[in-house]
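# Coordinate inspection notes
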Amino acid sequence: MVFGGQDRDRLQMNEDTLWAGYPREEHNPDALRYLSAARESIAAKKYGEAQALVEKHMLGTDGHGVQPYQPLGNVYLDFTGLSKDEAYTRELDLNTAIATTVIGSGDQQHTRRVFISAVDQVMVIRLECSPAHAFDVALSMDSLLRYQVSSDGLGLRLTGTAPTKVQNHNNGIEPAVVYDDEGLSTRFAAMFTVAETDGQVQVEPDRVHLTGTTYATLLYTSATSFSRFDEIPGQTSIDPVELCKDTLQMAGEKSYLGLEAAHIADYQALYQRVDFELGDNGNEYAQQWPTDERLQRIANGMRDLDMSRLLFQYGRYLLISSSRPRTQPANLQGIWNDMVQPPWNADFHLNINLQMNYWLAESCHLAECHEPLFQLIEEQAVTGAKTARIQYGCDGWTAHTMSDIWRTNNVGPTGEAAWAYWPMGGAWLCQHLWEHYLFGQDLCFLRDQAWPLIQGAAEFLLGWLIENEAGQLVTSPSTSPENHFYDPMNRQPRSVTEASGMDLAIAWEMLSIANQAGQRIGVNEVFTNRCQEALARLKPLQISSKGYLVEWDKDFEEVDPQHRHFSHLFGLFPGRQFTMEHTPAYCEAMRNTMERRGDEGTGWSMGWKVAVWARLGDGDRALRLLDNFMQVDTDQMFNYHKGGIYPNLFCAHPPFQIDGNFGAAAGISEMLLQSHLMDIHLLPALPSVWHQGYIRGLRARGGFTVSMEWSHGDLTKAVIIADRDSTCQVRYRGETTEIACKAGIAVQLTWVEPGLFANK
């Protein structure tokens, strides 16, 4: 995180394996002992009694619970001799992933460029000024964790230890942060060195001075003792200091220009796969304004269509920067956290947030960035199998609302059932495995990596579903994440019942995936037949007498009709159970539900709403949500009904949650291209004010890359490139044509009323 201060620049650093805690067995056998009693209370409509049983006996044990992602520390650059010229600019170039700060002008200009290279695993800081105006800079480091700093060659070394246990930011338990002396928690190191400079270098025990400098290249790296999710990090043989030394030595063999070139080539190989432009003849100079001023102009009612493009590409930049093969997945804050007790632990929330982080991965042509999530799923299935057996008496595996780097499966002994009791996370995660297969058509991935996880999650559901009085299969106990209804008996807020709409929709999605995946790879029909039989017996979702989709098993009155979660709409997006083409009555009920929920909410909630309205074919409503999302939050006051973004475009959910950025980008993709019906639907929700533009490089299920151009709101050209020889159905404005594709050969389509015409 580059703050860009003038006389003091602060670089706040993270390392994605630096978390509090260590792996622990914290399963709760009482949950299974009280399961029958909770179900009996629900069947008797004693919802308060059922909720009390769940919250007292069926959550986590009296242990550590989910632990938070930690801040590593700060690098400080304290300057003297800089120009007092008021000229000042800073920028992030999304095309190169380089942050630049420029102070002063003319021959007094001082420039700083900062980037982190995935290739060389270093942060590179380049400082430059004119020869006539040399500067001095003092370099130092510190941390909020236990640490010590010492000199190391032409640089500094910071070493430290993560806490053993950190309390959730809002539970009030003291001590909030605990360290042990038993060597259990993660050890970490950070080092920087002066790679090249024309100044004089003086190294002190806790800082490095450069004097008389006109240029300098600084290299920084970090490492931890983390090895695996199930190994005690303080007891591994990994030496973080030696890892840092080796990394800096290898990177130091390259020049600054060599490091920059390698970084840009690696980054652009991902980023430049998609190109997106929106024509805006009424505001063609918008891009020349600073981003914060553009946001203020939007708040004042001025149009800036290009901000949607910027938000889309910013989301792709953030995923490229926070999720690569062999990294941890992007957490609630991506990889950016400066607090020991970050809100909601900056952990992995599985009741929408982690999944939302990856909605854009496939459609926005970043499939490789999806891989860390698959690794998490594999590891979560290990701890989740124990949870399924001990707490639910089921085969297979499950996951709850929250997790961490240790793949913890319980939140701890305290919590409200509305957010703490929810065993559907594993099933939802498996949708991402199936989506990766649908977009890439890699049968080996489906058979060898995805199928064991899909089968295990489906096995859990087959054991978890029970029969209700009508002979239908339902979940019980059941919640609708973080929402409440009024108990009809006493109008008390409740959260526990059976067969919530979200549970049923996820169950339908999971069992459908297991059935289809099993048939694709030719597994024993006994298992797929079990999935088909369960699907046929699932309780259908209901439409209320007022035309809304029912959120729980009965049409209870909601405590908060504008709640940020609208989990029962899962089957519309990201699911595929309900579509405008095949289930119009359900979609109308979902439209009514969305009208009632309103157009405000937290940042991530508005990102989800963009995608939902796109699936409903309403591009203008989707754009209205994007416009609301782009309302800048200047006071940074938390409000569950009002989100938005900060001036740096981070999703406002103080301090921030990155899921809204990813969700907005995915929603924009959904406005322009949809393929969940396994056809290619061009411009399905194009806003009326997006008169002209183009997008190149989006991905469609079936293994296709799609580019489109439009003018005056009409498609003018589409180009489809298939990964392999195949046929596909292409749809636009209700007209469908089938085209045959050869691998790697572009097929161009044009729209002439009333149909699409293809030319190779």
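The structure we're discussing is the one just above.
## Points about the overall build of the chain
Broken down by element type, the chain carries 19 helices and 31 strands. By the compact-globule yardstick of 27 Å for 760 residues, the chain fits well, its C-alpha radius of gyration being 27 Å. By principal-axis analysis of the C-alpha atoms, the chain measures approximately 85 × 70 × 50 Å. A buried classification covers 60% of the 760 residues belonging to the chain. Looking at the chain alone, contacts between residues at least 24 apart form 68% of all its contacts between residues at least 6 apart. Just so you have it, the chain exposes about 28,500 Å², and 47% of that area is on carbon and sulfur atoms. Here the chain contributes 60 positively and 95 negatively charged side chains, and the mean placements of these two sets differ by 4 Å.

## Examining the environment of Trp336
Looking at where Trp336 falls in the secondary structure, it is placed in the loop between helix 7 (306-322) and strand 17 (348-349). Along the chain, Trp336 and Glu15 lie 321 residues apart, while their C-alpha atoms are 9.0 Å from each other. Each residue touching Trp336, except ones within four places of it in the same chain, is listed here: Met1, Asn14, Tyr69, Leu318, Ser321, Ser322, Phe650, Phe656 and Ile658.

## Let's talk about the sheet that holds strand 16 (residues 275-278)
Strand order in the open sheet formed by 6 strands is 16-25-26-27-30-31, and the pairing between neighbours is antiparallel. Two strands close off the open sheet at either side, each with one partner strand: strand 16 and strand 31 (755-759). Going across the sheet, the axis of each strand differs from the next one's by a mean of 25 degrees, ignoring polarity. The pairing of strand 30 (residues 746-752) with strand 31 spans 5 bridges and is classified as antiparallel. Looking at strand 31, one finds that Gln748 is bridged to Asn759. Docked against the sheet, helix 19 (residues 659-672) engages strand 16, strand 25 (693-700) and strand 26 (704-711), running at close to 100 degrees with respect to strand 25.

Rules of the game
Residues numbered from 1 in each chain as written. Predicted model: local features only at pLDDT ≥ 70, side-chain atom pairs only at ≥ 80, totals over all residues. Heavy atoms only, no water. Helix = DSSP H or I, 4+ residues; strand = E, 2+ residues; numbered from the N terminus. Rg over C-alpha atoms; globule rule 2.2 N^0.38 Å. Buried < 20%, exposed > 50% of the residue type's maximum accessible area, 1.4 Å probe, protein only. Contact = heavy atoms within 4.5 Å. Areas by Shrake-Rupley, 256 points an atom, 1.4 Å probe, with all protein chains shown as cover. Lys, Arg positive; Asp, Glu negative; His and termini not counted. Charge placed at Lys NZ, Arg CZ, Asp CG, Glu CD. Pairing = 2+ DSSP bridges. Axes fitted to C-alpha atoms, helices over the stretch in contact; angles between N-to-C directions.

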